[in-house]
Amino acid sequence: MKLTMGKTLQVPDVVTVPYIEGDGVGPEITPVAQNVVNAAVTKAYSGTRAIEWMEVLAGGKSHDLTGEWLPAETLQTFKDYLIGVKGPLTTPVGGGIRSLNVALRQDLDLYACVRPVRWFKGVESPVKEPHKVNATIFRENTEDVYAGIEWEARSPEAKHFGDFLSNEMGVTKVRFPGTSAYGVKPVSEEGSKRLVKAAAEYAVAHGLTKVTLVHKGNIMKFTEGGFRKWGYEVLSEYPQLEANDVIADAFLQNALLKPEAYQIVATCNLNGDYISDQLAAQVGGIGIAPGANINYMSGHAIFEATHGTAPDIAGKNQANPSSLILSSCMMLEYLGWGEAAKLIESAMESVFSARMATIDLARFMAGGKALGTAEFGEVLIERM
């Protein structure tokens with residue numbers, strides 16, 4: 001059955017969830033994640049709730065079967081059913097879609113990329129105190145340089161744009177205009193405010209007290225400086241929250257030195273890309289980092305593995321399904337089925353604490369036992 005969006009999300013007891021299997025390791029990690037979620041929902045609700053999985057096509061599998069990287073039917077299905085789960089996708093090299101992930105986010109206007117980062121006991125980390133990392137990043141998902149507005153050096157478009165800057169805008173700071181490529185960085189008041197509002201509402205809903213705006217407004221005064229200005233305007237409406245801001249490069253240092261200072265982080269698109277991956281590395285790597293792309297106003301949301309397709313280990317039963325499993329936990333929480341999500345998270349920490357994991361994590365654990373992709377899922381289900 002479909003979700004519906006009124007003033008709030010309306011969730012039936014049986015929810016149909018479209019999913020993209022993914023490329024590379026996708027065919028291995030996706031069924032494992034689905035099995036784990038199914039088991040958790042059954043256990044948490046004694047069979048009164050369930051998920052029906054419905055496959056839709058995108059990426060390499062779609063191109064092989066249909067000749068299209070991202071069929072219109074897939075987009076329409078996500079629009080109709082509001083939510084979906086996505087494995088890692090191959091992005092075509094050369095022409096065509098710049099990025100399948102970006103295309104999905106922009107076409108569905110999934111303006112908030114939400115990345116909670118926490119440490120699981122038992123996971124080895126490159127930092128001394130990974131337990132101090134417990135933050136959720138809200139990354140603006142539709143603007144900034146990811147809008148894909150750029151022109152290749154020496155192209156007619158680049159020359160035309162360079163002439164426009166020089167002749168009509170009076171720009172004199174392009175050092176080598178004849179060989180410059182150009183890109184445009186749109187940052188809007190509407191886009192910034194809706195992202196920061198989502199971060200503030202999340203903080204309030206989860207009993208948190210601090211929201212930090214991360215930006216490079218000291219250099220990009222009207223784009224990222226605008227993000228900071230508009231962000232503070234939104235946060236002024238939430239007197240119960242402590243609002244502050246920090247320059248992006250300082251944040252990257254502070255996240256290592258005092259990660260406990262951050263609870264909710266709101267930032268522009270490119271900054272969010274860097275920040276979320278650094279924080280994930282501090283708790284053991286992107287293999288256990290979940291992510292969601294959400295439009296809180298329309299109800300649309302896609303929950304995804306945050307890592308790549310890993311073609312070097314595809315088909316070897318070595319891939320870590322944790323990112324997709326934890327992203328599916330975010331989906332369960334989004335549905336209001338938090339009890340099932342907690343079962344999975346507790347089971348995962350129990351398995352890691354017993355020094356069992358897929359090879360990418362087990363090799364760093366003292367006496368660690370490496371599990372195959374499918375076996376890891378089975379052990380998780382046993383531990384619920």
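Residues numbered from 1 in each chain as written. Predicted model: local features only at pLDDT ≥ 70, side-chain atom pairs only at ≥ 80, totals over all residues. Heavy atoms only, no water.

Moving on, we come to the environment of Gly217. Topologically, Gly217 is positioned in the loop between β10 (210-215) and α7 (224-235). A C-alpha to C-alpha distance of 7.1 Å links Gly217 and Arg228, two positions eleven residues apart in sequence. Those residues within four positions of Gly217 in sequence are excluded, and the remaining contacts are Glu224 and Gly225. (Helix = DSSP H or I, 4+ residues; strand = E, 2+ residues; numbered from the N terminus. Contact = heavy atoms within 4.5 Å.)

What follows is about the pattern of salt bridges. Applying the stated criterion to the full structure yields 18 salt bridges. For the salt bridge of Glu304 with Lys86, the shortest nitrogen-to-oxygen distance reads 3.1 Å. Of this pair, Glu304 sits in strand β14 (residues 301-305) while Lys86 is found in strand β5 (residues 83-86), placing the two residues 218 residues apart along the sequence. A relative accessible area of 2% places Lys86 in the buried class. One salt bridge connects Lys159 with Asp163, and the closest N-O pair in it is separated by 3.0 Å. On the criterion of helical spacing, the pair formed by Lys159 and Asp163 is a turn pair, its members being four residues apart in helix α5 (residues 156-167). Taking the relative accessible area as the measure of exposure, Asp163 reaches 33% and is therefore partly exposed. Via salt bridges that share partners, Glu21, Glu55 and Lys61 belong to a single interconnected network. (Salt bridge = Lys/Arg side-chain N within 4 Å of Asp/Glu carboxyl O. Buried < 20%, exposed > 50% of the residue type's maximum accessible area, 1.4 Å probe, protein only.)

On to unusual backbone geometry, then. At Ser46, a position not held by glycine, the phi torsion is positive, near 50 degrees. Within the secondary structure, Ser46 is located in the loop between α1 (26-45) and β4 (50-55). Even without being glycine, Leu82 reaches a positive phi, approximately 75 degrees. Tracing the backbone shows Leu82 in the loop between α3 (72-81) and β5.

Let us now look at the side chain of Asn141. Within the secondary structure, Asn141 is located in the loop between β7 (134-140) and β8 (150-151). A polar contact is formed between the side chain of Asn141 and the backbone oxygen of Leu110, at a distance of 2.9 Å. One polar contact links Asn141 to Asn293, side chain to side chain, over a distance of 2.8 Å. When near neighbours in sequence (up to four residues on either side) are disregarded, Asn141 contacts Arg105, Leu110, Tyr111, Ala112, Cys113, Asn269 and Asn293. (Polar contact = N/O pair within 3.5 Å; in protein donor to acceptor, adjacent residues only side chain to side chain.)

Compared with the 16 Å implied by 1.5 Å per residue over twelve residues, the 16 Å span of α7 between its first and last C-alpha is a close match. Along α7, the residues classified as buried are Glu224, Gly225, Gly226, Phe227, Trp230, Gly231, Val234 and Leu235. (Expected span 1.5 Å × (residues − 1).)

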